[in-house]
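# Observations on the model geometry
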Amino acid sequence: MSERFTILKKEGLAKRGRFETVHGVIETPVFMNVGTVAAIKGAVSTEDLERIGTQVELSNTYHLHVRPGDDKIKALGGLHKFMSWNKPILTDSGGFQVFSLASLRKIKEEGVYFASHIDGRKIFMGPEESMRIQSNLASTIAMAFDECPNSKAERKYVEDSVARTTRWLERCKAEMTRLNSLDDTINKDQLLFGINQGAIFPDIRIEHAKRISELDLPGYAIGGLAVGETHEEMYEIIEKTVPYLPSDKPVYLMGVGTPVNILEAVERGVDFFDCVYPTRNGRHAHLYTNFGKINLMNAKYELDDSPIEEGCKCPTCQRYSRAYIRHLLKAKEMLGMRLCVLHNLYFYNNLMTEIRDALDKGCFAEFKKNKISSMMHEE
RNA sequence: GUGGGUAUGGCGCAGUUGGCUAGCGCGCCAGAUUGUGGCUCUGGAGGCCGUGGGUUCGAGUCCCAUUACCCACC
């Protein structure tokens, strides 16, 4: 075992932790920066990531498999070398993409048949394929291949789907163990995180959590949330599920979320996060600040000479004004997106730093209350 | 100066042989977006149809005049 999760401090269910990996230490709670195709969208380099305090980069198995091909990345020495990033990388299994992007998919016991969204060619992906791809990519943490059922799916469908996801997880573990023992495997210490499913049925979630906890994996994720249910339903599921996952392992809430979602989830015991919001919203001029979200495309910023947020330490706010960035966005200059994405990622990374500081000092509850009230306040 | 053309929300345009609350794209404003297809979607505000007359039950559409701009020619 190469990894170690140490809980440094607790406040209620909230944990201040440290996750040690072969690629370095991850201080938790952490927000992983999403770079699906081994690139943070918006012309952000790994050099930039170092500058804005990124701890973990997240890439995607499905996307890298269809282009450029995981075999090529392996030939080039693995994802770390390929993209020149030596800190931890988490790869998502491709399970979610198979359901959200691919068309003509057919789910079977062995895996999923579907058509590539790039060129339409037929692809098969099952637990073993996903593990092999992720092993080729040589990420720090590999995610289990799961099915993410629709949030409105009927109980019977979810039960069957979750049972299959459990069987898939056992196959993932066996395959990962095998791959990690092979001589030509780049990262023989690759870690596998299991994924809890069950839509919004608490009892299915709990049963599944108990079941996968027996597999004694280095970490566990809660998947299938923030896909259409209300915030209240999401918080309720987190609250009811986390107690049935191993208390000495990190919990990762997949694809979530807004700054408020993160604060609420940390309070309920979540340690890892990722979300496309800071990057996607950055590309669309929606910027996060401590006084709420602003849309820089609004006409009122045309002559605004101030930075996105007064006092912000991000590379963008150090030099550029709202009026200038707005102009770049209007002119569709790539630099506009880049500056916005840098600001948003810095904001998220910094939010996590503040959360960890508050946990260290034992004042998370108060920090959370003040932060939310500040962000609800409009400029 | 002569001939021709165009004038419709901030910009670019549609508006059938005159007929019901004048449309569209962009822009503007406000939302949505949660294990990313550099998107997409949903609302909203904004026009006395260049100006003045006329014909008609009824004119953005027809007639006259006038103004501005564009193109040719002198």
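Presented here is a report on the structure given in the accompanying data block. All figures in this text were calculated on a predicted structure; none of them were measured in a lab. (Residues numbered from 1 in each chain as written. Chains lettered and ligands numbered in written order. Predicted model: local features only at pLDDT ≥ 70, side-chain atom pairs only at ≥ 80, totals over all residues. Heavy atoms only, no water.)

### Topic: the layout of surface pockets
Stated precisely, the cut-off is as follows: Cavities and pockets were defined on a 1 Å grid built from protein atoms only: a cavity is a group of points that admits a 1.4 Å probe but offers it no way out, a pocket is an open group of points flanked by protein on both sides within 12 Å along at least five of seven lines, and a lining residue is one with an atom within 4 Å of any such point. Grid points are joined across faces, edges and corners, and a volume is the space filled by probe spheres set on the points. Only runs of H or I of at least four residues qualify as helices and only runs of E of at least two qualify as strands under DSSP, and these elements are numbered from the N terminus. Think of it as three bins: nonpolar holds Ala, Val, Leu, Ile, Met, Phe, Trp, Tyr, Cys and Pro, charged holds Asp, Glu, Lys and Arg, and polar takes everything else, Gly as well.
Here the largest pocket defines a volume of roughly 1100 Å³. Looking at the lining of the largest pocket, the elements with two or more residues in it are β5 (57-60), α2 (61-66), α5 (95-100), α9 (231-241) and α11 (277-283). Of the residues that constitute the lining of the largest pocket, the class distribution is 21 nonpolar, 19 polar and 8 charged.

### Describing the sheet that holds strand β13 (residues 251-253)
Operational definition: Being paired, for any two strands, means DSSP has found at least two bridges between them. Only C-alpha atoms enter the line fits that serve as axes; for helices the fit covers just the stretch in contact. Angles between N-to-C directions range over 0 to 180 degrees. Contacts are assigned to residue pairs with any non-hydrogen atoms lying within 4.5 Å of each other.
Pairing is parallel in the closed barrel, where 8 strands are placed in the order β4-β5-β6-β10-β11-β12-β13-β14. Taking the axes of each pair of neighbouring strands and ignoring which way they run, one obtains an average angle of 30° across the sheet. Of the pairings in the sheet, the one linking strand β11 (residues 191-196) to strand β12 (residues 219-222) comprises 4 bridges and is parallel in character. Within β12, the position partnered with Gly-194 by the bridge is Tyr-220. Across the sheet, helix α14 (residues 334-361) is in contact with β4 (30-34) and β14 (272-274); its angle to β4 comes to roughly 165°.

### A word on the sheet that holds strand β3 (residues 24-28)
In space, the 3 strands of this open sheet follow the order β1-β2-β3, with antiparallel pairing throughout. One side of each edge strand has no neighbouring strand; the edge strands of this open sheet are β1 (4-11) and β3. For this sheet, the mean inter-axis angle between neighbouring strands, taken without regard to orientation, is 10°. When β1 meets strand β2 (residues 14-21), the two strands line up antiparallel, connected through 7 bridges.

### As for the packing of aromatic side chains
Rule in force here: Side-chain rings of Phe, Tyr and Trp (the six-membered ring for Trp) are treated as a pair once their centres are within 6.5 Å; stacked means planes under 30 degrees apart, edge-to-face means over 60, and tilted covers the remaining angles. Only protein chains enter the accessibility calculation, which uses a 1.4 Å probe; a residue is then buried when its area is under 20% of its type maximum, exposed when over 50%, and partly exposed in between. Criterion for a charge above a ring: Arg CZ or Lys NZ at most 6 Å from the ring centre, at most 35 degrees from the ring normal.
Enumeration according to the criterion identifies 13 aromatic pairs in this entry. Considering the side-chain rings of Phe-193 and Phe-272, the 5.9 Å spacing of their centres and the 70° angle between planes classify their relative orientation as edge-to-face. Of this pair, Phe-193 sits in strand β11 while Phe-272 is found in strand β14, placing the two residues 79 residues apart along the sequence. Of the two residues examined, Phe-193 and Phe-272, each falls in the buried class. With 5.7 Å between their ring centres and 25° between their planes, Tyr-320 and Tyr-324 make a pair best called stacked. Among the aromatic residues, ring-to-ring pairing joins Phe-5, Phe-19, Phe-193, Tyr-252 and Phe-272 into one connected group. Arg-155 extends its terminal NZ or CZ atom over the ring of Phe-201, reaching a point 5.6 Å from the ring centre.

### Here we look at the protein's contact with RNA strand B
Condition: Put simply, a residue is near a molecule or strand once any heavy atom of it comes within 4 Å of that molecule or strand. Contacts described as polar in this section are N or O atom pairs within 3.5 Å, which, within protein, must combine one atom able to donate a hydrogen with one able to accept it, while residues neighboring in sequence count only if both atoms come from side chains.
Neighbouring RNA strand B are 43 residues, the closest being Gln-97, Thr-279, Ala-299, Lys-330 and Met-337. When the atoms of RNA strand B within 4 Å of the protein are grouped by moiety, sugar and phosphate amount to 55% of the total. At 2.4 Å, a side-chain N or O of Arg-283 approaches a base nitrogen of RNA strand B. Side-chain polar atom of His-286 to a base oxygen of RNA strand B: 3.1 Å apart, as the coordinates give it. The element contributing the most residues to the surface near RNA strand B is α11, with 5 residues. Residues belonging to the surface near RNA strand B are distributed by class as follows: 16 nonpolar, 18 polar and 9 charged.

### Section: the environment of Asn-180
The topology assignment puts Asn-180 in helix α7 (residues 155-180). Judged by relative accessible area, which is 16%, Asn-180 ranks as buried. Sequence spacing of Asn-180 and Phe-124 is 56 residues, and the spatial spacing of their C-alpha atoms is 23 Å. Asn-180 has contacts with Thr-185, Asn-187, Lys-188, Asp-189 and Gln-190, leaving out every residue within four places of it along the chain.

### Some remarks on the nonpolar core
Inclusion rule: Put simply, a nonpolar core is a bunch of buried Ala, Val, Leu, Ile, Met, Phe, Trp, Tyr and Cys residues held in one set by side-chain atoms that sit within 4.5 Å of each other.
Judged by nonpolar contacts, the single largest core of 105 residues is most densely connected at Met-143, Ile-238, Tyr-252, Leu-253, Phe-273, Ile-355 and Phe-364. Counting residues in each nonpolar core, the second largest holds 6 residues, with Val-158, Val-162, Ala-199 and Phe-201 among its members.

### Side note on the environment of Lys-81
Inspection of the secondary structure puts Lys-81 in helix α4 (residues 79-83). Along the primary structure Lys-81 and Leu-137 are separated by 56 residues, whereas in three dimensions their C-alpha atoms are 10.0 Å apart.

### Brief notes about unusual backbone geometry
Working note: non-glycine residues mostly have negative phi, and peptide bonds are mostly trans. For the bond running from Arg-67 to Pro-68, omega is 5°, close enough to zero to count as cis. Examined against the element boundaries, Pro-68 turns out to sit in the loop between α2 and α3 (70-75). Each neighbour pair has its own omega, and for Val-256 with Gly-257 the value is 5°, a cis peptide bond. If you trace the backbone, Gly-257 turns up in the loop between β13 and α10 (259-267). With phi around 50°, Asp-216 is a residue other than glycine that occupies positive phi space. Topologically, Asp-216 is positioned in the loop between α8 (202-213) and β12.

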